[in-house]
Amino acid sequence: MANRLHIDSNATKLASTDFGKLVQANPIAVLYPSSINDIVSLVKSSYNSPNPFTVAARGRGHSLRGQAMAKNGVVVEMSSLKLSSNESGIRVSQNPSLGFYADVGGEQLWIDVLRATLEHGLAPVSWTDYLYLTVGGTLSNAGVSGQSFLYGPQISNVYEMDVITGKGDLVRCSKHMNSDLFYAVLGGLGQFGIITRARIALEVAPNRVKWVRMLYHDFTAFTRDQEHLISINGLDYVEGSLIMHQSPPNNWRASFFSPSDQLKINSLLTKHGIIYCLEVVKYYDDLTIDTVDEEIRQLVKGLRFIPGMMFKKDDSLVGFLNRVRSGELKLREKGMWEVAHPWLNLFVGKSGIMEFNAAVFADILHKQNHTIGPILLYPLTRHKWDDRMSAVIPEEDTFYSIGLLLSSVDNGNWEVLEDQNKQILDFCDKAGIKAKQYLPHYRTKEDWMNHFGSKWDTFQQRKAQFDPKFILSPGQRIFNSV
Ligand SMILES: Cc1cc2nc3c(=O)[nH]c(=O)nc-3n(C[C@H](O)[C@H](O)[C@H](O)COP(=O)(O)OP(=O)(O)OC[C@H]3O[C@@H](n4cnc5c(N)ncnc54)[C@H](O)[C@@H]3O)c2cc1C
């Protein structure tokens, strides 16, 4: 293992930054494991040392605020497992009780899981909008997207995991085996173990998608229609977003609207200031190719979008699921992917969504005019989340996933955007809005206790059980101050 530990500045520099570009923390060393045993040895050596050091698994470093960093500790570059292994870290199988599933290394990217499973005509059911994230990284949070209303988040679609705990034990866990560890790790912010393998549910994959966007200026009609669509059978994906002059219709998340569509949208924007865009997808294949258009017509019948403001696209499944990639590559070319990203992700209970719209979208964001980047807004249902998992959501049957995916221009205005985020959080607090941060970041123990609410005691007990020396993922700043 020792020769896999690098202390040179090339290695430590990379591990001291992330996508957010807001936090920096230098590790002492970076481990490039060639096997799971290398990670076991590392964690064991820390656990057995009189002076334990911290260890953070780093998936792709797409965290926003240093969550995969380990100041003065060791960062484990999980992608190294993928490069070292001779065999693919993605194996597709089937058994009578589970049906189809894939055993996937925690270091694997979801895009690779998609490609490997499609070779068998299969695919996972629950996704994130962006696929160049690791399985271990998204399962440590939740993994939400437009399919979550139907299948739950990615953490609701895992059958089993292999996990290296903070004691250096490699433990297999599932609902039926070491279930405490299983539920702790799902949405557990890396606090209880390093996921080395996850068994993911698969279904037969469709070939193609019908992708539809409808525009609203009335927020009540927009949210009612979103909630209606997630309550009926028929669609495979439901999301939504805001369009404002500062948050244009086409952005890096997907280039959807033609230039003439954009002209129409711009004149709506001039009239209304904010436009809400409802986005749905229906999968289809050779068997349903002749009926899918009629099914969509029926599904959108009675919806209250602005007459004429419905836009359609036909795409392959991969083209749709991997929709963010081309935007990413364009931004990378222009050097605009590497800017600071003071994102704010919230889950807001349905009871507060009207007030949130009035105060945050129509007032703070619209009036202050700082917003630069996509703003997402779509409903999810609580019953698709198992309360035993560590992930935290509002205590309401329906809640909204809200993503303010802000990018700072030339790194100049991130403080202004941070200030705006603070105003939004302060508003939620004062107005008593039932909101929880997703991809949470807090500075004080009180804030974390408040975040976890009734789950805090269990979270703490599980930490004492699985990582009693506070070794793992210190960058979350829950049990470690740095
Ligand atoms: C462009 C972009 C789009 C995104 N879209 C979505 C989206 O649609 N939906 C959504 O839910 N999220 C989304 N995210 C957020 C994403 O889920 C998080 O960034 C997440 O942290 C995954 O990133 P990562 O794989 O690079 O993990 P990292 O940032 O490297 O790690 C995240 C945390 O998990 C820990 N960790 C990493 N690997 C493991 C492992 N194997 N075992 C245990 N702990 C581990 C780390 O120590 C750290 O604490 C998006 C992020 C970006 C940058």
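Residues numbered from 1 in each chain as written. Predicted model: local features only at pLDDT ≥ 70, side-chain atom pairs only at ≥ 80, totals over all residues. Heavy atoms only, no water.

(A) Broad picture of the overall build of the chain. Helices and strands together make up the secondary structure of the chain, namely 16 helices and 18 strands. The C-alpha atoms of the chain give a radius of gyration of 22 Å, which matches the 23 Å a tight globule of 482 residues would have. For the chain, the residues scored as buried account for 57% of the 482 residues in total. In the chain, the share of contacts with a sequence separation of at least 24, taken over all contacts with a separation of at least 6, comes to 76%. When the accessible area of the chain is evaluated, it comes to approximately 19900 Å², of which 50% is carbon and sulfur surface. (Helix = DSSP H or I, 4+ residues; strand = E, 2+ residues; numbered from the N terminus. Rg over C-alpha atoms; globule rule 2.2 N^0.38 Å. Buried < 20%, exposed > 50% of the residue type's maximum accessible area, 1.4 Å probe, protein only. Contact = heavy atoms within 4.5 Å. Areas by Shrake-Rupley, 256 points an atom, 1.4 Å probe, with all protein chains shown as cover.)

(B) The packing of aromatic side chains, seen in detail. In the structure shown here, the tally under the stated rule is 32 aromatic pairs. Pairing F356 with F361 gives two aromatic rings, centres 5.4 Å apart and planes at 80°, and the pair type is edge-to-face. In terms of burial, F356 and F361 fall into one category: buried. Arranged with centres 6.3 Å apart and planes meeting at 20°, the rings of W456 and F459 form a pair that is stacked. With a gap of three residues between them, W456 and F459 both fall in helix α16 (residues 456-466), about one helical turn apart. Neither W456 nor F459 differs from the other in exposure class; each is buried. The lysine or arginine in question, R325, covers the ring of Y132, its NZ or CZ lying 3.7 Å from the ring centre. Here the basic side chain of K469 rests over the ring of Y47, its NZ or CZ set 4.4 Å away from the ring centre. (Phe/Tyr/Trp six-rings, centres within 6.5 Å; stacked < 30°, edge-to-face > 60°. Lys NZ or Arg CZ within 6 Å of the ring centre and 35° of its normal.)

(C) Focus on the site of the ligand. For the ligand, the set of nearby residues contains 33 residues, the closest of which are A57, G59, S63, T134 and Y438. A distance of 2.7 Å separates an oxygen atom of the ligand from a polar backbone atom of G59. Note that an oxygen atom of the ligand is positioned 2.6 Å from one of the side-chain N or O atoms of Y438. For the shell around the ligand, the elements supplying multiple residues, two or more each, are β3 (55-58), α5 (135-139) and β10 (193-204). (Near = heavy atom within 4 Å. Polar contact = N/O pair within 3.5 Å; in protein donor to acceptor, adjacent residues only side chain to side chain.)

(D) Structural detail: the pairing of strand β17 (residues 398-404). Of all seven residues making up β17, seven are buried, and the element is well covered by its neighbours. In β17, alternate side chains face the same way, and those of T398, Y400, I402 and L404 on one face and F399, S401 and G403 on the other are all buried. Where strand β15 (residues 344-349) lies against β17, six bridges are found, and the strand directions are antiparallel. If you follow N345 over to β17, its bridge partner there is G403. Looking at chain direction, strand β16 (residues 375-381) and β17 are connected through seven bridges and run antiparallel. (Pairing = 2+ DSSP bridges.)

(E) Structural context of the pattern of salt bridges. As enumerated under the stated definition, the model contains 31 salt bridges in all. Note that K21 and E338 form a salt bridge whose closest N and O atoms lie 3.3 Å from each other. Taken as a pair, K21 in the loop between α1 (9-14) and β2 (29-31) and E338 in the loop between α12 (324-333) and β15 lie far apart in primary sequence, 317 residues in all. The residue K367 makes a salt bridge to D363 at a minimum N-O spacing of 3.0 Å. (Salt bridge = Lys/Arg side-chain N within 4 Å of Asp/Glu carboxyl O.)

(F) Quick look at the domain arrangement of the chain. Domain annotation of the chain identifies domain 1 (2-81 + 467-476), domain 2 (83-204) and domain 3 (208-438). Across the domain 1/domain 3 interface, buried area totals approximately 840 Å², and carbon plus sulfur atoms make up 54% of it. A per-residue breakdown of the area domain 1 buries against domain 3 is headed by F19, K21 and L22, which together make up 56% of the total. Our enumeration of links across domain 1 and domain 3 arrives at two salt bridges. Salt-bridge contacts for R65 lead to E418; the nearest nitrogen and oxygen are separated by 2.8 Å. (Domains from an automatic or database assignment. Buried area = accessible area lost by both parts, 1.4 Å probe.)

(G) Quick peek at the nonpolar core. M161, L215 and W385 are the most contacted members of the largest nonpolar core, which has 86 residues in total. Each of domain 2 (83-204) and domain 3 (208-438) contributes no fewer than three residues to this core. Not counting residues within four places of it along the chain, the set of residues in contact with L215 comprises I243, F257, I265, L268, I275, Y276, C277, F305, I306, M309 and F311. Of all hydrophobic cores here, the second largest spans 45 residues; its members include A221, L278, L346 and I375. (Core = buried A, V, L, I, M, F, W, Y, C linked by side-chain atoms within 4.5 Å.)

(H) Looking closely at the packing of helix α15 (residues 445-452) against α16. Relative orientation of the contacting elements α15 and α16 amounts to 115°, with a least axis distance of 8 Å. The angle between the axes of α15 and α16 places the two elements in the roughly perpendicular class. Judged by residue contacts, K445, W448, M449 and F452 of α15 engage W456, F459 and Q460 from α16. (Axes fitted to C-alpha atoms, helices over the stretch in contact; angles between N-to-C directions. Parallel < 35°, antiparallel > 145°, perpendicular 65-115°, else oblique.)

(I) Structural context of helix α8 (residues 219-231). Compared with an ideal rise of 1.5 Å per residue, which puts 13 residues at 18 Å, α8 spans 18 Å between its outermost C-alpha atoms and is within 8% of the ideal. Regarding α8, the residues found buried are F219, A221, F222, T223, D225, Q226, E227, L229 and I230. For α8, the capping residue at the N-terminal end is D218, with a side-chain oxygen 2.9 Å from the backbone nitrogen of T220. (Expected span 1.5 Å × (residues − 1).)

(J) Here's a closer look at the environment of V185. Relative to the elements of secondary structure, V185 occurs in helix α7 (residues 179-185). Distance in space between the C-alpha atoms of V185 and C173 is 9.7 Å, their sequence separation being twelve residues.

(K) Representation of helix α4 (residues 110-118) in the model. Listed in full, the buried residues belonging to α4 are W110, I111, V113, L114, A116 and T117. Close packing links the buried residues of α4 with β5 (90-95), β6 (99-105), β7 (122-124), α5, β10 and α11 (317-321).

(L) View of the packing of helix α13 (residues 353-368) against helix α14 (residues 414-431). Closest axis-to-axis distance for the α13/α14 pair is 11 Å, and the angle between their directions is 155°. As summarised for this structure, α13 and α14 are arranged roughly antiparallel, according to the angle between their axes. Crossing hand, α13 versus α14: right-handed. Residues E355, F356, A359, V360, I364, L365 and Q368 of α13 form the contact with α14, whose own contacting residues are Q420, Q423, I424, F427, C428 and A431. Across the contact of α13 with α14, the residue classes tally to nine nonpolar, three polar and one charged. (Left-handed = near helix turned anticlockwise from the far one by under 90°. Nonpolar A, V, L, I, M, F, W, Y, C, P; charged D, E, K, R; others polar.)

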